Amino acid sequence: MKGTYLGEFQEVVLLSILILQDESYGVRIQEEIQRELNRTISRGALHTALTRLEEKGFIKSEMGGATEERGGRRKRIYTVTNLGKESLKEARAVREQLWTKVPDWAVNINYAL
């Protein structure tokens, strides 16, 4: 298994998979990220992230059934593993711990450096 470091984009992909549940295939994940974060991503960038997450053991995938709307092609459906869920929890805990240490004035928009 590769390292357990979870980058920001990988975290977004994992969260999107959890949100989409049974509908978590490439195009839907891409649409979810664009809709929720107003962030356009390429199909290649998404597939690179999905491959790396699977190599780390954070997600697993399986082929869904063929559909008429896809011309008989099947979709690869992604699910988050327990290791992936644990990694998300750790990333969240680290961020929350750091945020509690940031003084209010440091994030005040009116504050000038």
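These numbers were taken from a predicted model, which means no experiment stands behind them. (Residues numbered from 1 in each chain as written. Predicted model: local features only at pLDDT ≥ 70, side-chain atom pairs only at ≥ 80, totals over all residues. Heavy atoms only, no water.)

Q: Give a description of the overall build of the protein chain that names residues and reports values.
A: A count of helical and extended segments in the protein chain gives four helices and two strands. For the protein chain, the sequential pattern of α-helices and β-strands runs α-α-α-β-β-α. Here the protein chain, with 113 residues, has 32% of them falling under the buried criterion. Sequence separation of at least 24 residues holds for 54% of the intrachain contacts in the protein chain that already meet a minimum separation of 6. Surface accessibility of the protein chain: about 8,000 Å² in total, with carbon and sulfur atoms responsible for 51%. (Helix = DSSP H or I, 4+ residues; strand = E, 2+ residues; numbered from the N terminus. Buried < 20%, exposed > 50% of the residue type's maximum accessible area, 1.4 Å probe, protein only. Contact = heavy atoms within 4.5 Å. Areas by Shrake-Rupley, 256 points an atom, 1.4 Å probe, with all protein chains shown as cover.)

Q: Lay out unusual backbone geometry with the relevant residues and their values.
A: Even without being a glycine, Gln 21 presents a positive backbone phi close to 50°. As for its position among the elements, Gln 21 is in the loop between α1 (8-20) and α2 (26-37). A residue is classified by how much of its surface remains accessible, and Gln 21, at 55% relative accessible area, is exposed. Its identity as a non-glycine residue notwithstanding, Asn 38 has a phi of 50°, on the positive side. Positionally, Asn 38 belongs in the loop between α2 and α3 (43-56).

Q: Lay out a nonpolar patch on the surface with the relevant residues and their values.
A: A contiguous nonpolar patch, built from Leu 15, Leu 18 and Ile 19 and spanning about 250 Å² of accessible area, is present on the exposed surface. Within the secondary structure, Leu 18 is located in helix α1. Residue classification places Leu 18 among the partly exposed residues on the basis of a relative accessible area of 34%. (Patch = residues over 30% accessible without salt bridge, like charges linked within 9 Å, V, L, I, M, F, W, Y side chains within 5 Å. Salt bridge = Lys/Arg side-chain N within 4 Å of Asp/Glu carboxyl O.)

Q: Describe the environment of Phe 9, and please don't skip the residues or the numbers.
A: With respect to the secondary-structure elements, Phe 9 resides in helix α1. Judged by its relative accessible area of 17%, Phe 9 is buried. Residues Phe 9 and Ile 33, 24 residues apart in the sequence, show an inter-C-alpha distance of 9.8 Å. What Phe 9 contacts, discounting residues up to four positions off in sequence, is Ile 33, Arg 39, Ile 41, Ala 45, Leu 46 and Ala 49.

None of the figures reported here should be taken as evidence of function without further support.
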